[in-house]
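The primary structure of each chain is shown beneath.
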Amino acid sequence: MVLSPLLIKKTFTSKWGVQFLLCMVLVMIASAGLATDEYAVMRENMLKEIGAEARLTASYIKKSAFDERVMEAMGNVPRHQFVPEEQLDNSYKNRPLPIGHGQTISQPYIVALMTDLLEIKPGDRVLEIGTGSGYQAAVLSQLAKEVYTIEIIEPLHQRATQVFEQMGYANIHSRHGDGYYGWKEHAPYDAIIVTAAAGNIPPPLIEQLKPGGSLVVPVGGAFQTQQLVLVKKGDDGKLRTRQVLPVVFVPLTGDQGQR
Amino acid sequence: MDTSAKPPVISIMLVSASALAFEVLLIRLFSIIQWHHFAYMIISLALLGYGVSGTIMTLLRERVMPHYVTAYIVNGIGFALTIIASFLLVQKLPFNALEILWDSAQWGYLLAAYLLLLLPFFFVANCIVLTFGAFSEQIPRIYGFDLFGAGVGSLVLIYSLMFLQPQQVLLLISFTVLIAVVVAMLEMRTDYRLTAVVIVVISIATLLMLPKGWLSLQMSPYKPLSQYMQVSGSHVERVLSGPHGVVTVLENRQIPFRLASGISLNNSAEPPTQYALFVDSDGPSALTRYDGDRSKLIYLDYQTSALPYHLSNPARVLILGMGGGSDILQAEYHDVGNIEAVEMNPHLVELLQDDYADFAGWAFLQDHTRIHLSETRAFLAHNQSTYDLIQMSLLDAAGASSAGLYALSENYLYTTEALGLYYRRLQPGGMLSITRWIKVPPRDALKLFATAVTALREEGVSHPENQLAMIRGWNTSTLLIKHGVFTAEDIRSLQQFCDERSFDVAWYPGITDSEVNLFNAIDKPYFYEGARALLGKSAAAFIDDYKFSISPATDDRPYYFNFFKWESLAEILSLQRRAGFSLIELGYLVLVFTLIQALLVSVLLVLLPLRFVPRENNAPDRPYIAAVMLYFVLIGLAFLFVEIAFIQRFILFLGDPVYAVAAVLCGFLVFSGLGSFTAPFVRRCCRINPVVLAVTGITIVILASLWLHPLVFQALAIQTTAIKLIASVALIAPLAFFMGMPFPIALNSVSERAGWLLPWAWSVNGFASLMSAIVATLIAVHFGFTSVMLLAVLFYSLAALVFALNLTKQVHSDSVNASS
């Protein structure tokens, strides 16, 4: 909205004008509060939807619900702060959203699933390769002691860092640059999440994973996660992977596979 | 209008050439900036412009026809301008195909894209249908020039793409149309010819002087090239453009590429410096530095595709689809003495052998490596040599789709016939190794396994289970087919290879339940259970019940990448919002969706003008109108059915799909044009109904071709491309000649009955042709291309019947009435 300078001058010099301005300020404060409430309601609905999905995929995640701490973290992080302005209305929908630079912010359900698969404990150190919007790091920061995140696209790194600062996420440490070598200074990590893998998982990341730790990689293009690959490093250092399909879909019925 | 004027046939030829070139070029352009499936849908629906033109002209004929010359010129200029303007505007739309199932706004952008691209086709169709109307007695001649021009257009386009970038070709097409407008003015001797020449010259000069980059392609930010470009430090090193696609070489010194697919997590080596190669913005594949030190290539031994090198020491290896040359380096790492590679894209060969020869270490490879510039199947059909190992890794070769014709990609590399051919080119004890990406639940890996089982049985192997092995890593699977039985030692080596790399075994002779699904666990051992079921007695029932289509692809139904099953659609759609998007086989659904949209619009626009046409005394009755509609629907469907099915057959015979499509299309259109030219003579000289005569010819040639083609193709398989081309033209010519007749003969007849029927029949035919390409693909997916051809025979026969019973009689009686 553009106001003419003349109108502004008149407003400030008249008694009614000052009263009008005061009213406007009050309305703005009220509407800001209302907006925050609206986001809280939307976030609550998002959590319900994620919970329902978790129950449906119980056989895959081997439990009927995501960890309570994960759900709490998802409830604490204001997702709308991490999406571009034009996507604010969609910020709590259970769908991936474009964040510019050809990147997306994952579907909330997938974020919850990946976080749950990592089984993060309060004292853990977590490494993220591919900061993107910063939302995943923010969720992880609610559960872990320290989160280290690396982004290869500079504008995304700058934006996410700014949001972390504004929101006061002091335990998130972000860096712009090559994620291939991980972040050796703070290794080993209890959990690693690689959202920018190009057909292979860099060996230095496997090295920087603690014995007993987990690494998760979503496989698939923008707007579609085909499957999640969960890598577990045994206490003996041996690696086991598990392919987790984010939906329940059994291609065989009955005992056909046995025929 | 001045009745002494002549039809602007040279101009018609030029605009038709431009229209066909524009259509094919659009598919190339959209394949670069968007995704092929949606490119196909947008352009299919843009072709509605032809039908819409007929509808509008049916309604406005009386008002437009007196100003034919002006209308032709205005539409010509409209075509020239919208060729560029529509494309530029469509590029500006924020359409994102990947978001279409998430965001309803995308449907609006898609509709806007259709409408914008419909305009150029609408204008060019107006030029043609107006000329038919103005010179209805010369329809066969005009139609002949129209087809001839289109045929030449397909060849000129491919030729232009060798020297110019796609967006420059777009400009060239627009210039050609402007020149066609001037030619029309000269042909029709209009008053303001000189002014027009000056305006056209100024327009072309202005467009050429515009600042560089105004016509640059704006890729979707989600195309792999766009995404890699976003990474700090990425820059384009080189762009090579040609008919096989635009090859982009990307470099990044700040954040190096480490491209190596399917590497075991147990690998600790980093790949050497690499360039990333993209073809039509898709990829990347790696062009890797090689300095003669094989130890630096050790990471390639951690791919699932390295398995065959651990079971034997192949002396002679053939790599199908070279890409950036990673498989050559894998063979080099294993010290193979004789490496051969087949690659269809000349630019990729050029990069390895010339432009980046020092970087890629060609000097260390060239004494024992040979690269053949050829299509895979054609190379193996032509070359009778046998190999110890044939290696095919993650190769998604281009079919006709890269030439831009259909939504579902045909692929002749993974059919039972192809696997049989590869098998025959193996030395005794030799192996064929095919690597694919892992999809969970498995789709292409099991379809490939089913295809291998069938191919082996067809090659006379009674126990295929003893000659097959399949392993999988965390994101790739490799299938081995051995020319001979796997020995105990082979199996020990296979187990050791998998153990060392944490790969899982999915099949080998003697495998047990306890050995599967150990390292890369999936919910159930689907790969093993699938392989076992496919080798068992109930394989057919397993394929039937499986929720994706995994029945083997054949040369007649070459849709290896189509896994869609109607039975699973409801379940998958219900999972869509729950991250189930990747289970949806979009290619097939896009095709069905395109058909539904086209059908709805067509029915509406065909029936609409019937309410407004003049109702004078001698107006055609309803049965006659219905017969006209039926006739033009039938021949519209049949013409493209035959053309599409023939193109498929000749792609396999001629090898390179890009050139094969251009050659076959050109042959069809040029000889159909000749048929159209000849039609009036046939009508005058023959006592037989000319349509019946043409359809008899078509039927005989098609039925004979079912028997003749395989014989000719086999006999000439090892001949040169030139001989194959001559043979192809000889096989196409008689059929195309007859196929050029039914349309102009009938159009001429119905226009004599009532003037408005001409543009209306044109619109009916336009809509039917649009749907024909879609319906043909759907039939081919389910029943094969032979069925498509047989249906075409049926449609042509029915059309002949309709013509003989309904259309001829009335024309004849009318002409009798008129003469009396």
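Above this text is the structure in question.
Criteria and thresholds
- Residues numbered from 1 in each chain as written.
- Chains lettered and ligands numbered in written order.
- Predicted model: local features only at pLDDT ≥ 70, side-chain atom pairs only at ≥ 80, totals over all residues.
- Heavy atoms only, no water.
- Salt bridge = Lys/Arg side-chain N within 4 Å of Asp/Glu carboxyl O.
- Buried < 20%, exposed > 50% of the residue type's maximum accessible area, 1.4 Å probe, protein only.
- Helix = DSSP H or I, 4+ residues; strand = E, 2+ residues; numbered from the N terminus.
- Contact = heavy atoms within 4.5 Å.
- Buried area = accessible area lost by both parts, 1.4 Å probe.
- Pairing = 2+ DSSP bridges.
- Axes fitted to C-alpha atoms, helices over the stretch in contact; angles between N-to-C directions.

S.K.: Sorry if this is basic, but what is going on with the pattern of salt bridges here?
M.R.: Side-chain pairs of opposite charge can arise whenever the charged atoms involved come near each other. Applying the stated criterion to the full structure yields 24 salt bridges over all chains. For Lys121(A), the salt bridge identified is with Asp124(A), shortest N-O distance 4.0 Å. Looking at Asp124(A), the relative accessible area reads 6%, which means it is buried. The closest approach of N and O atoms between Lys547(B) and Glu571(B), which form a salt bridge, is 3.0 Å. Here Lys547(B) is found in the loop between helix H20 (539-545) and helix H21 (566-575), whereas its partner Glu571(B) is found in helix H21, with 24 residues between them in sequence.

S.K.: What should I look at first to understand the interface of chain B and chain A in this one?
M.R.: A common measure of how large an interface is: the accessible area buried when the components associate. Between chain B and chain A, the contact holds 63 residues from the first and 57 residues from the second. Between chain B and chain A, roughly 5,200 Å² of surface is buried when both sides are summed, and carbon and sulfur atoms account for 56% of that area. Along the contact surface separating chain B from chain A lie two salt bridges. Between Glu99(B) and Arg95(A) there is a salt bridge, and its shortest N-O distance comes to 2.7 Å. Contributing elements (two or more residues each) for the side of chain B that touches chain A: helix H9 (224-230), strand S13 (520-521), helix H19 (526-535), H20 and H21 of chain B.

S.K.: It is not clear to me how the sheet that holds strand S1 (residues 234-242) of chain B should be interpreted in this structure. Could you clarify?
M.R.: In any sheet, the strands associate via hydrogen bonds between backbone groups, in a parallel or an antiparallel arrangement. All names here are of chain B. Strand order in the open sheet formed by four strands is S1-S2-S3-S4, with antiparallel pairing between adjacent strands. Among the strands making up the open sheet, the edge pair consists of S1 and strand S4 (282-288). Taken over all neighbouring pairs, the strand axes of this sheet differ in orientation by 25° on average, direction set aside. Judged from the four bridges that link them, strand S2 (residues 245-252) and strand S3 (residues 274-279) form a sheet pairing that is antiparallel. Bridge assignment links valine 249 to a residue of S3, and that residue is leucine 277.

S.K.: Hey, could you run me through unusual backbone geometry in this one?
M.R.: Note: most peptide bonds trans; most residues except glycine with negative phi. Residue and element names in this part refer to chain B. Here the amide bond leading from glycine 283 into proline 284 is cis, since omega sits at 0°, within 30 degrees of zero. Mapped onto the elements, proline 284 comes out in strand S4. Here the residue pair valine 440 and proline 441 is connected by a cis peptide bond, since its omega of -5° sits within 30 degrees of zero. In this structure, aspartate 335 is a non-glycine residue whose phi angle is positive, near 60°. Take aspartate 335: it is sitting in the loop between helix H11 (326-333) and strand S6 (338-343). Using a relative accessible area of 51% as the deciding quantity, one classes aspartate 335 as exposed. Of note, asparagine 517 is a non-glycine position whose phi angle comes to about 60°, a positive value. Topologically, asparagine 517 is positioned in the loop between strand S12 (504-507) and S13.

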